[in-house]
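# Breakdown of the fold
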Amino acid sequence: MRIARTAAECRALRSELGGSLGLVPTMGYLHEGHLALVRAARADCDHTCASIFVNPAQFGPREDLSRYPRDPERDLALLNAEGVAFVFMPELGEVYPPGFDTWVEPGAVSAPLEGKSRPGHFRGVATVVCKLFNIVQPQRAYFGEKDAQQLRVVTQMVHDLDLPLEIVPVPIVRDADGLALSSRNVYLSSEQRRQALALSASLRLARALVAGGERRVRSIKARMRGLIQREPEAAIDYISIADSSTLAELTTIDRPALISLAVRIGATRLIDNTVVLP
Ligand code: PAF
């Protein structure tokens, strides 16, 4: 497995490889969720590239950039074992050199949910992802459904800017007890990890209510809220039931709906989601 530190090295490695290339963009500290993206890329494409870059532009001033977990050696060993052809691992100044002054501004789909709680987040994501696509030049790029709004924002960007690649969604990977895998799970104590199970449990409850015929969004949200509020360290940021395509909030589940939530467990902010059909 080769490592490119600069855009020029990355392009040179890309041009040495014939055939199709799948990109897995990451911020490192890899877990089984990332490896599922790599495996999906390996199954579809002749070659796979992963990027590791903790993108400061998508963190707010009071967010966890400085303590974001990092373990590049372990990440590289995992990617090597998965048969990745090369890794793009740039320094900050390679991605945002002095004088950098152009940003990708996503539209309406970036406004609610994470966009509302984390102003500027999707501008940072869209900009770095657009740069990664231009540098790596993959035929496909793989994104986890856990970051459902990110997936929606990136898909819209690719469509609107005529970027020549396909975005491939990959299902959420969960631990056996239901907790969605996230690099941020490492911040949780064992008691907080237990409390964090309320996120996936509330989504299962919502699915069961919908399966039982409940369509009223207000009732479903109230039941989810009740379940989460039983946990002493849980503070709900939002619970949303929205049109899965536009992300506009619904009052009745009368179309495919994204049920998503963000909850702080102690100091750690976690997100999770599921899609239900009417
Ligand atoms: O999902 C992530 O890890 C990041 O948002 C991404 C897509 C690598 C962009 O920095």
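Next up on the list: the overall build of the chain. A tally of regular secondary structure across the chain gives 9 helices and 9 strands. For 278 residues, the compact-globule estimate of 2.2 N^0.38 gives 19 Å, and the C-alpha radius of gyration of the chain, at 19 Å, lies within 12% of that figure. Across its three principal directions, the C-alpha atoms of the chain cover 55 × 40 × 40 Å. Residues classed as buried in the chain amount to 52% of the 278 residues present. Contacts in the chain between residues at least 24 apart in sequence constitute 71% of all its contacts with a sequence separation of at least 6. With an accessible surface of roughly 12,900 Å², the chain has 51% of that area assigned to carbon and sulfur atoms. For the chain, the centre of its 33 positive side-chain charges and the centre of its 32 negative side-chain charges are spaced 6 Å apart.

This paragraph deals with the site of the ligand. By nearness alone, every residue bordering the ligand is listed as Pro 25, Thr 26, Met 27, Asn 55, Gln 58, Val 128, Val 129, Phe 143, Asp 147 and Gln 150. Contact distances for the ligand include 2.6 Å between an oxygen atom and a side-chain N or O atom of Gln 58. A distance of 2.7 Å separates an oxygen atom of the ligand from a polar side-chain atom of Gln 150. Computed on the free molecule, the ligand has an accessible area of 290 Å², of which 89% lies beneath the protein chains in the complex. For the shell around the ligand, the secondary-structure elements that each account for two or more residues are strand E2 (21-26) and helix H6 (121-136).

In this model, helix H9 (residues 217-229) (13 residues) spans 18 Å end to end at C-alpha, consistent with the 18 Å of a helix rising 1.5 Å per residue. When H9 is considered as a whole, its buried residues turn out to be Val 217, Ile 220, Lys 221, Met 224, Leu 227 and Ile 228. The buried residues of H9 occupy an angular sector of 125° when projected down its axis, which confines them to one face. Exposed positions of H9 whose direction lies more than 90 degrees from the buried face are Arg 218 and Gln 229. Contact partners of the buried residues in H9: helix H8 (190-211), strand E7 (234-243) and strand E8 (257-265).

This part is about the nonpolar core. With 41 residues, the main nonpolar core has Val 129, Phe 133, Phe 143, Met 157 and Ile 167 as its most contacted residues. Those elements giving two or more residues to this core turn out to be helix H1 (7-16), E2, strand E4 (86-88), H6, strand E5 (140-144), helix H7 (148-160) and E8. Among the elements that line this core, the one with the most residues is H6, at 10 residues. Counting residues in hydrophobic clusters, the runner-up holds 27 residues, among them Leu 179, Leu 209, Ala 234 and Val 263.

This paragraph deals with the sheet that holds E7. Across the sheet, which stays open at both edges, the 3 strands sit in the order E7-E8-E9 with antiparallel pairing between neighbours. Either end of the sheet is taken by a strand with one partner, and the two such strands are E7 and strand E9 (268-276). Strand-to-strand, the axes of this sheet are offset by a mean angle of 15°, without reference to chain direction. Judged from the 9 bridges that link them, E8 and E9 form a sheet pairing that is antiparallel. By the bridge assignment, Leu 258 is partnered in E9 with Val 275.

The backbone phi angle of Asp 162 is positive, close to 55°, even though this residue is not glycine. Structurally, Asp 162 is set in the loop between H7 and strand E6 (166-170).

Reading the values: rules and limits
Residues numbered from 1 in each chain as written. Predicted model: local features only at pLDDT ≥ 70, side-chain atom pairs only at ≥ 80, totals over all residues. Heavy atoms only, no water. Helix = DSSP H or I, 4+ residues; strand = E, 2+ residues; numbered from the N terminus. Rg over C-alpha atoms; globule rule 2.2 N^0.38 Å. Buried < 20%, exposed > 50% of the residue type's maximum accessible area, 1.4 Å probe, protein only. Contact = heavy atoms within 4.5 Å. Areas by Shrake-Rupley, 256 points an atom, 1.4 Å probe, with all protein chains shown as cover. Lys, Arg positive; Asp, Glu negative; His and termini not counted. Charge placed at Lys NZ, Arg CZ, Asp CG, Glu CD. Near = heavy atom within 4 Å. Polar contact = N/O pair within 3.5 Å; in protein donor to acceptor, adjacent residues only side chain to side chain. Expected span 1.5 Å × (residues − 1). Arc of directions from axis to C-beta. Core = buried A, V, L, I, M, F, W, Y, C linked by side-chain atoms within 4.5 Å. Pairing = 2+ DSSP bridges. Axes fitted to C-alpha atoms, helices over the stretch in contact; angles between N-to-C directions.

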